[in-house]
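Close look at the chain arrangement
The lines below spell out each chain.
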Amino acid sequence: MKAIEVENLCFSYNGVKALSGITFSVDEGEFIAIIGPNGSGKTTLLRVLLGILKPEVGSVRVFGIEPWKESEKVKSLIGFMPQKEHISTKPPLLVKDIVLMGRAVRKSPLSPLSKEDMRKAREALNAVGLDDKWNTKFSELSGGQQQRVLLARAIAVEPKLLLLDEPFNGVDIPSQERIIGLLDELSRKGVTAIAVVHNVSPLIHSIDKILLLNKDLIAYGSPEEVLKPENMVKAYGAVIPIIVCEEGFVHPLFGDTHG
Amino acid sequence: MADIPFYLLRAIAAIVLIAINASVAGSFTVFRDISFLVAGASHAALAGAALAIVLETYGIFSMNPIVGGILFAVFTAIAAGYASRDEGINTAIGISFALSMSLAVLFISMIREYAARVWSLLLGDLFLLTNEDIVLMFISTLVVVAVCFLFYREFLFISFDIEGAIAYGVNATLLNYVLLSLIAIAVVVTLKGVGAILVFAMFVAPAAAAVEVSKNVRQVFLLAFLIAMISGIAGLGISFFYPVSPGAIASLFASLVYFTLIVVNRRG
Ligand SMILES: Nc1ncnc2c1ncn2[C@@H]1O[C@H](COP(=O)(O)OP(=O)(O)OP(=O)(O)O)[C@@H](O)[C@H]1O
Ligand SMILES: [Mg+2]
């Protein structure tokens, strides 16, 4: 069974097109990067996969299930990491509260957290390299550390599908490499991982495919196929230079261009 | 016990109930960053209570003004929650604010001769509460506490990140309405004691102060309760010996605690 099958998906907010004619599929255990300029519909696509938004046209299936129809079923398979701009640090939550959150709300109300819940949450925090922050206030962490806690929350629910919205924003290079290594390992174990990123370069060695979005699906396939100049011009309106590294991978050089 | 007059016992009971509401619902108000809802709900409650008095005065229908207040406040909270899907919630509350103030003034103008009853809703009447008032306040508080206890995890998740809550299977749309309604109910309970003018201070200040210094969520609830409770007792105690409004002293005390903690906290 395919992890994700999307056919001719269209979606608009109040009549304004955000996604149109999107068709692609993802095999179980694949690691996919979604790239595209600001406002190109990346977050919207994740919301449709989660069943938060209903497709206007077309069909969407996640593990064979239509997310907006049977959203509970689909959500129980997914670990989601929101874009950090969408969260609030008003409640003085501790790191452990947040890592446990996803597991906690999937239990019936009033039933206490189990040893298993604690263990999985600790393992997840360990995996993102923040085991010493278990009892720290979330709002006292740096931006990059907060990102990693949100990732730990997604991993802690033992998902079959990980949907990550800009997981590397503000994350330092060693932590980023560590997280990529972790996602690589999870995808080898059969977890399907989809990460929205702005700079795909650090992931090139680990991902199977890139999905290049700008309301339309501009290209979908291996990095070499997708990162061609004509595709990048269509998506970004500019040529993004690419280099080929020693191991033969194509890397785009975002931010390294100058007038 | 026999020496304590009943009106004083009722006032103390009301202080305890208000402190519980200011702690449980007040904290979620601060977590959700929707303190403006408190102003919106209290003015709607004023209109609702005034309408109840109008209906009674004209012999049409009789109900406790608290019930009318709760109905209007909850309606406002739900309307604001609904409108906030397009606008920001503060814009939505602002508009309903204007509507309920117009209605309140309209209803009050219809019952000039009973203006004293409305006056007490504006300024609070801790010493004039009836047994029926206390029972209604108690039932409302019980509902607020029970539902917040039941959906504690969900409400916290929604306050932290509503999109994430939905993604992890929380019925956030429904529970958001439930939370907004509970806050509205709690506002009316507080309003009955300290009046519409002071409800904002008594309801928001304790939790806002507690958030400033708390190390975790539980501490916020505990500290907010203590601040509200001590403020209320201070208000009662002082007004027992001097002819001043207990609600005013209590709100003044709670606001001062908030500003003091802010200053102390900023200095390190
Ligand atoms: N809740 C919403 N209501 C109305 N329009 C929206 C909403 N969310 C997004 N949009 C619009 O839909 C388009 C796509 O938004 P989306 O958030 O999916 O972009 P994105 O690719 O994730 O951008 P970014 O890189 O900035 O995160 C944008 O034009 C945006 O303004
Ligand atoms: Mg986005």
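The sections below set out a description of the structure shown in this document. (Residues numbered from 1 in each chain as written. Chains lettered and ligands numbered in written order. Predicted model: local features only at pLDDT ≥ 70, side-chain atom pairs only at ≥ 80, totals over all residues. Heavy atoms only, no water.)

**With respect to the nonpolar core**
Buried together is how nonpolar side chains tend to be arranged in soluble globular proteins. The condition that has to hold: Within this scheme, the nonpolar core is defined by two criteria: the residues are buried Ala, Val, Leu, Ile, Met, Phe, Trp, Tyr or Cys, and they are joined through side-chain atoms within 4.5 Å. Burial status follows relative accessibility: with a 1.4 Å probe on protein chains alone, a residue under 20% of its type maximum counts as buried, one over 50% as exposed, and anything between as partly exposed. Helix numbering and strand numbering both begin at the N terminus, where a helix is a DSSP run of H or I of at least 4 residues and a strand a DSSP run of E of at least 2. Source of the domain bounds: an automatic or database domain assignment.
Membership of the largest hydrophobic core comes to 167 residues, with the highest contact counts inside it found for I4, L49, V99, L125, V149, L163 and I194 of chain A. Among the elements that take part in this core, helix α9 (residues 172–194) of chain B stands out by supplying 14 residues, more than any other. No fewer than three residues from each of domain 1 (1–77 + 160–259) and domain 2 (88–158) of chain A sit in this core.

**A short note on the pairing of strand β9 (residues 216–221) of chain A**
Applicable threshold: Being paired, for any two strands, means DSSP has found at least two bridges between them.
Pairing analysis gives 5 bridges linking strand β8 (residues 209–214) of chain A to β9 of chain A, with the strands arranged antiparallel. Its bridge partner lying in β9 of chain A, L211 of chain A is registered against Y220 of chain A.

**So, the coordination of the magnesium ion (ligand 2)**
Residues and elements named next belong to chain A. The condition that has to hold: Note that water is not among the atoms used; donors are N, O and S atoms within 2.8 Å of the metal (3.2 Å for Na, K and Ca), so sites may look incomplete.
Every protein donor of the magnesium ion (ligand 2) is listed here as T43 (OG1) and Q83 (OE1), and their distances to the metal cover 1.9 to 2.4 Å. Note that T43 is positioned in helix α1 (residues 42–50) and Q83 in the loop between β5 (78–81) and α3 (95–104), a separation of 40 residues in sequence. The pair T43 / Q83 is uniform in exposure class, with both members buried.

**Remarks on the site of ligand 1**
Residues and elements named next belong to chain A. Note the threshold: Definition of nearness: a residue and a molecule or strand are near each other if at least one heavy atom of the residue lies within 4 Å of the molecule or strand. Two N or O atoms count as a polar contact when they lie within 3.5 Å, although within protein this holds only if one can serve as hydrogen donor and the other as acceptor, and sequence-adjacent residues are included solely when both atoms are side-chain atoms. For every accessible area listed, the method is Shrake-Rupley and the probe measures 1.4 Å; residues are considered covered only by the protein chains on display.
Ligand 1 sits among 14 residues. The nearest are N38, G39, K42, T43 and T44. G39 places a main-chain nitrogen or oxygen 2.8 Å from an oxygen atom of ligand 1. Contact distances for ligand 1 include 2.7 Å between an oxygen atom and a side-chain N or O atom of T43. Notes on ligand 1: free accessible area 640 Å², of which the protein chains cover 63%.

**So, the sheet that holds strand β2 (residues 16–27) of chain A**
The pairing of strands in a sheet happens through backbone hydrogen bonds and is either parallel or antiparallel. All names here are of chain A. The condition that has to hold: The axes are straight lines fitted to the C-alpha atoms, using for helices just the contacting stretch, and the angles between their N-to-C directions are given from 0 to 180°.
What the 3 strands build is an open sheet, ordered β2-β1-β4; its pairing is antiparallel. The open sheet is flanked by β2 and β4 (57–62), the only strands paired with a single partner. Across the sheet, the axes of successive neighbouring strands diverge by a mean angle of 20 degrees, strand direction being ignored. Across 5 bridges, strand β1 (residues 2–13) lies against β4 in antiparallel orientation. Bridging from a neighbouring strand, I4 pairs with V62 of β4.

**Some points on the interface of chain B and chain A**
Defined as follows: Any two residues having at least one pair of non-hydrogen atoms within 4.5 Å are treated as being in contact. Buried area is a sum: the accessible area each of two parts loses on coming together, probed at 1.4 Å, counted once for each and added. Any Lys or Arg side-chain nitrogen located within 4 Å of an Asp or Glu carboxyl oxygen qualifies as a salt bridge.
Counting residues at the interface gives 25 residues for chain B and 37 residues for chain A. Both faces combined, the contact of chain B with chain A buries some 2,600 Å², and carbon together with sulfur accounts for 63% of it. By the criterion of area lost to chain A, the three top residues of chain B are R153, F160 and Y168 of chain B, representing 34% of everything that side buries. Linking chain B to chain A there are 2 salt bridges. Between E163 of chain B and R47 of chain A there is a salt bridge, and its shortest N-O distance comes to 2.4 Å. Put simply, chain B and chain A have 9 residue pairs in polar contact (both at pLDDT 80 or more) between them. Of all elements in the fold, only α1 (6–32), α6 (131–150), α7 (152–160), α8 (162–167) and α11 (217–241) of chain B reach the threshold of two or more residues within the side of chain B that touches chain A.

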